[in-house]
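What the coordinates show
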Amino acid sequence: MKEHIIAVVDDDDNIREIVEAYLQKEGYRTIGLSTAEAAWELWTQAPPDLWILDIMLPGMDGYEFCRRIRNEAEVPIILISARDEEVDKILGLEMGSDDYLTKPFSPRELVARVKRHLHRWDALKRLAQGGRPAGPDSVKTEPGTQTVTTMESGELRLKLDERRVFWGAEEIEITAKEFTLLQIMVERPNRAFARDELLTLVWGMDYFGSERAVDDLIKRLRKKMEGLPIETVWGYGYRLRLEAEE
């Protein structure tokens, strides 16, 4: 697995060193910087996988740096600041940050948020790279009709071009998010997906809702298709079980 590199940009040496120590303990490689100008130079030469960025910096402030980065990439950015007014948090999010922590904060909480954002970011990059392998019997041509891309997993059949779902011989009424989740799982049968990974893949990286949305979506699908082999991976997420043919 690729080693994640995290840039910590803060002109307070004590805070920067504490944050780096906690991240290194979790196996991350860190780069500590005290100015946004130095951070921008790093971005142009060897961009990290995630930024932890103080707002109040000498010279260019964190807001401006965040805006510049967001104009070029969707890399995760966590803002940290002594400012705790709502307007500051809203401004940070509007500038393109993914998260906002007010000083003083718990380093353990920061690490937990880093893990969450990196997990989602990795999932999005895999998706963008076109790495979703086709499932079994993924492309079929129906006689007398135009070519229709079809994916199958047991009794489940998806017609991608028409965005239609069949359970056995019955067509199932489906929402856009239900269809997307089924497509993701059929393309990777037997693979366990974390809840936050599915949240990113189905709702998008800018969604700030609860992982409970994934549970509710799975519940609706199970209700619509009795016997649908989506299994709960306790404490983690879900997978679509597909038994190998003898």
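A brief report on the enclosed structure follows.

Cut-offs applied
Residues numbered from 1 in each chain as written. Predicted model: local features only at pLDDT ≥ 70, side-chain atom pairs only at ≥ 80, totals over all residues. Heavy atoms only, no water. Buried < 20%, exposed > 50% of the residue type's maximum accessible area, 1.4 Å probe, protein only. Helix = DSSP H or I, 4+ residues; strand = E, 2+ residues; numbered from the N terminus. Pairing = 2+ DSSP bridges. Right-handed = clockwise from strand over helix to strand, strands pointing away. Polar contact = N/O pair within 3.5 Å; in protein donor to acceptor, adjacent residues only side chain to side chain. Contact = heavy atoms within 4.5 Å. Arc of directions from axis to C-beta. Core = buried A, V, L, I, M, F, W, Y, C linked by side-chain atoms within 4.5 Å.

With that settled, the discussion passes to the pairing of strand β1 (residues 5-9). The buried fraction of β1 is high, at five of five residues. Where burial is concerned, the two faces of β1 agree: the one with I5, A7 and V9 and the one with I6 and V8 are both buried. Relative to strand β2 (residues 29-33), β1 runs parallel, the two being bridged by five bridges. When the sheet's bridge partners are listed, V9 is paired in β2 with L33. One crossover worth recording links β1 to the parallel β2 by way of helix α1 (residues 13-25), and it is right-handed. In this structure, β1 lies alongside strand β3 (residues 50-54), joined through four bridges in parallel fashion. Across the sheet, V9 pairs through a bridge with L53, a residue of β3.

Relative to the helices and strands, E178 resides in helix α6 (residues 176-187). A polar atom in the side chain of E178 sits 3.1 Å from the side chain of R220. Beyond its immediate sequence surroundings of up to four residues, E178 is in contact with E173, L217, R220, L221 and K224.

You can see A39 is positioned in helix α2 (residues 36-45). In the structure, A39 is positioned 14 residues away from L53 in sequence and 9.5 Å away in space, judged by C-alpha atoms. Those residues within four positions of A39 in sequence are excluded, and the remaining contacts are V9, L33, W51 and F65.

What follows covers α2. Think of an α-helix as 3.6 residues a turn; residues three or four steps apart then line up on the same face. Taken together, the buried positions of α2 are occupied by A36, A39, L42 and W43. Looking straight down α2, one finds that the buried residues subtend no more than 110° of arc, so they occupy a single side. Residues of α2 that are exposed and point over 90 degrees away from its buried face: T44 and Q45. Elements in contact with the buried residues of α2: β1, β2, β3 and α3 (62-70).

Here we take up unusual backbone geometry. Residues K103 and P104 are joined by a peptide bond in cis, for which omega reads -5°. Checked against the element boundaries, P104 lands in the loop between β5 (99-102) and α5 (107-128). With phi around 50°, R163 is a residue other than glycine that occupies positive phi space. Checked against the element boundaries, R163 lands in the loop between β7 (156-159) and β8 (164-167).

Here we come to the nonpolar core. What tends to happen in soluble globular proteins is that the nonpolar side chains get buried as a cluster. Counting 30 residues, the largest nonpolar core has L156, L158, L182, M225 and I230 as its most contacted members. Secondary structure elements with two or more residues in this core: β7, β8, α6, α7 (195-203), α8 (212-224) and β12 (237-240). Here the element with the most residues in this core is α6; it accounts for six residues. If sequence neighbours within four positions are ignored, L182 has contacts with L156, L158, V165, I174, L221, M225, L228 and I230. Residues L33, I55, I77 and Y100 belong to the second largest nonpolar core, which totals 21 residues.

Another point: the pairing of β7. Both strand β6 (residues 150-153) and β7 contribute to a ladder of four bridges, which runs antiparallel. From the neighbouring strand, M151 faces β7, where its bridge partner is L158. Adjacent in sequence and paired antiparallel, β6 and β7 are bridged by two residues, among which G154 carries a positive phi angle near 60°. As defined by bridge partners, β7 adjoins β8 across four bridges and the pair is classed as antiparallel. Opposite L158, over in β8, you have V165 as the bridge partner.

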